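# Descriptive analysis of the structure
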Amino acid sequence: MLHLFCPYCQEHREEDEFHYRGQAHIVRPKDPDALSDKEWGDYLFFRKNPKGIHHEMWYHVSGCRRFFNVTRNTVTYDIYETYKIGEMPAVTDKEETE
Amino acid sequence: MSNSATFDFSARAKNTQGITRRETPLHHVTHKNVDEAGVRFCEASFYAHLTLRGNPENADFVAGVEKVLGTALPLTPLTSRACERCHVFWIGPDEWLILAANLSPGEIETSLRAELTGHFSVVDVSGGQTLMTLSGRAVQQVLQKSCGYDIEAEFPVGKVITTHFAKATVVLHHQVEGSYFMVVRRSFADYVWRWLVDASDEYGLSVSE
Ligand SMILES: [Zn+2]
């Protein structure tokens, strides 16, 4: 069971109050018409699957019902930080863990 | 009502002969009260429930709401405010739940719309949820075994949380010492009630108006 700190509720809650909602910081292209099919396909369908540090969105569905970001290690399940939508991660350069 | 009488919720269907029949979500259940009950339950029927959304950094919005409700908006996460007119719960950073016993939801909505300008939202959700109140010497034990949240250590008087109660999403508020408000979706009310009957069995459950 993960214990997540909701940056809006300002306290830790148990995992069952949250939903995982995929990779964070995906920017919608400003001018989709200018993209090639490959670029549009990459934007729409392709996601990172890193071993180690990952920035991802979580949804406090059974709490304040807000999305926020989490920096999590996909190997150890360590959570390094949680931060509000619109903010950038402070933790980006942790070594990948075996 | 004596403690050992059967509590019949059917009185909670109002205007049964009229065109608009009003029923609380628990109007269909009955309960045999026990003496010396450790848990006391009440369905606080026909409260006004309104969801208010707006920008807490907009001073006009905050001041307008305070003028209408008679109490300031709770801007700190997980806090609440109350006055004679209503209770106001923090639900999210731009969302509040207003509960009022003696005002109609239409009255509150109309006054808010008359006072507020710009980007805001007020929705009457009275028919979609119900307010349950829980008290008694064993109420904390029942909440502890029903919630993953640390009721004992993290839930002082005045606090309001949205969390899971027996897998149902509820808004839980510690109203006064040992007495709790629980706001439950209409479709979950019967399930939560049956859970409470079972969870309170070892302490005894009594229901009142
Ligand atoms: Zn939250």
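As named in an unreviewed UniProt entry, chain A is Sarcosine oxidase subunit delta, taken from Marinomonas arenicola.

Turning our attention to the overall build of chain B. Within chain B one finds 5 helices and 15 strands. Expected size for 209 residues packed as a compact globule is a radius of gyration near 17 Å; at 18 Å, chain B falls within 12% of this value. Across its three principal axes, chain B shows a C-alpha extent of roughly 50 × 50 × 30 Å. When the 209 residues of chain B are sorted by exposure, 49% land in the buried category. Restricting the contact set of chain B to residue pairs at least 6 apart, pairs at least 24 apart contribute 61%.

Okay, a nonpolar patch on the surface next. All names here are of chain A. Judged by side-chain polarity, L44, F45 and F46 come together as a nonpolar surface patch covering roughly 360 Å² of accessible area. Of note, F45 is situated in helix α1 (residues 37-45). According to the relative accessible area criterion, F45 is exposed, its value standing at 62%.

Residues and elements named next belong to chain B. By size, the foremost hydrophobic cluster in this structure holds 65 residues, and its most contacted members are F41, L52, L112, M132, F165, M182 and L196. When residues of this core are assigned to domains, at least three fall in each of domain 1 (16-45 + 128-208) and domain 2 (48-126). With near-sequence residues (within four places) excluded, F41 lies in contact with F9, L26, M132, T133, L134, W193, L196, L205, S206, V207 and S208. I91, L99, F181 and V183 belong to the second largest nonpolar core, which has 11 residues in total.

This brings us to the coordination of the zinc ion. Residues and elements named next belong to chain A. The coordination sphere of the zinc ion contains the protein donors C6 (SG), C9 (SG), H60 (ND1) and C64 (SG), at a distance range of 2.0 to 2.5 Å. In primary-sequence terms, the residues that donate to the zinc ion follow C-x2-C-x50-H-x3-C. Taken together, the residues C6 in strand β1 (residues 3-6) and H60 in the loop between β4 (53-59) and β5 (67-73) connect sequence positions 54 residues apart. Classification of C6 as buried rests on a relative accessible area of 0%. Given the relative accessible area of 0%, H60 is considered buried.

Residues and elements named next belong to chain B. Taking 1.5 Å of rise per residue, the 14 residues of helix α5 (residues 186-199) would be expected to cover 20 Å, and the 20 Å separating its terminal C-alpha atoms lies within 8% of that figure. Buried within α5 are the following residues: A189, V192, W193, L196 and A199. The buried residues of α5 all sit within an arc of 130° when viewed along its axis, so they share a single face. Of the exposed residues in α5, those oriented more than 90 degrees away from the buried face are S187, R194 and D198.

Here we take up the sheet that holds strand β5 (residues 39-44) of chain B. Sheet strands associate in pairs through backbone hydrogen bonding, adopting either a parallel or an antiparallel arrangement. Residues and elements named next belong to chain B. Reading across the sheet, the 6 strands line up as β12-β13-β14-β11-β5-β15 and stay open at both edges, with mixed pairing between neighbours. Lying at the two open borders of the sheet, with one neighbouring strand each, are β12 (160-165) and β15 (205-207). Each adjacent strand pair in this sheet contributes to an overall mean axis angle of 30°, direction not counted. Relative to β15, β5 runs parallel, the two sharing 3 bridges. Bridge pairing in β15 places V39 opposite L205. Along the sheet, α5 contacts β5, β11 (129-135), β12, β13 (168-176), β14 (179-185) and β15; its crossing angle with β14, the most-contacted strand, is approximately 135°.

Definitions and cut-offs
Residues numbered from 1 in each chain as written. Chains lettered and ligands numbered in written order. Predicted model: local features only at pLDDT ≥ 70, side-chain atom pairs only at ≥ 80, totals over all residues. Heavy atoms only, no water. Helix = DSSP H or I, 4+ residues; strand = E, 2+ residues; numbered from the N terminus. Rg over C-alpha atoms; globule rule 2.2 N^0.38 Å. Buried < 20%, exposed > 50% of the residue type's maximum accessible area, 1.4 Å probe, protein only. Contact = heavy atoms within 4.5 Å. Patch = residues over 30% accessible without salt bridge, like charges linked within 9 Å, V, L, I, M, F, W, Y side chains within 5 Å. Areas by Shrake-Rupley, 256 points an atom, 1.4 Å probe, with all protein chains shown as cover. Salt bridge = Lys/Arg side-chain N within 4 Å of Asp/Glu carboxyl O. Core = buried A, V, L, I, M, F, W, Y, C linked by side-chain atoms within 4.5 Å. Domains from an automatic or database assignment. Donors = N, O, S within 2.8 Å, 3.2 Å for Na, K, Ca; no water. Expected span 1.5 Å × (residues − 1). Arc of directions from axis to C-beta. Pairing = 2+ DSSP bridges. Axes fitted to C-alpha atoms, helices over the stretch in contact; angles between N-to-C directions.

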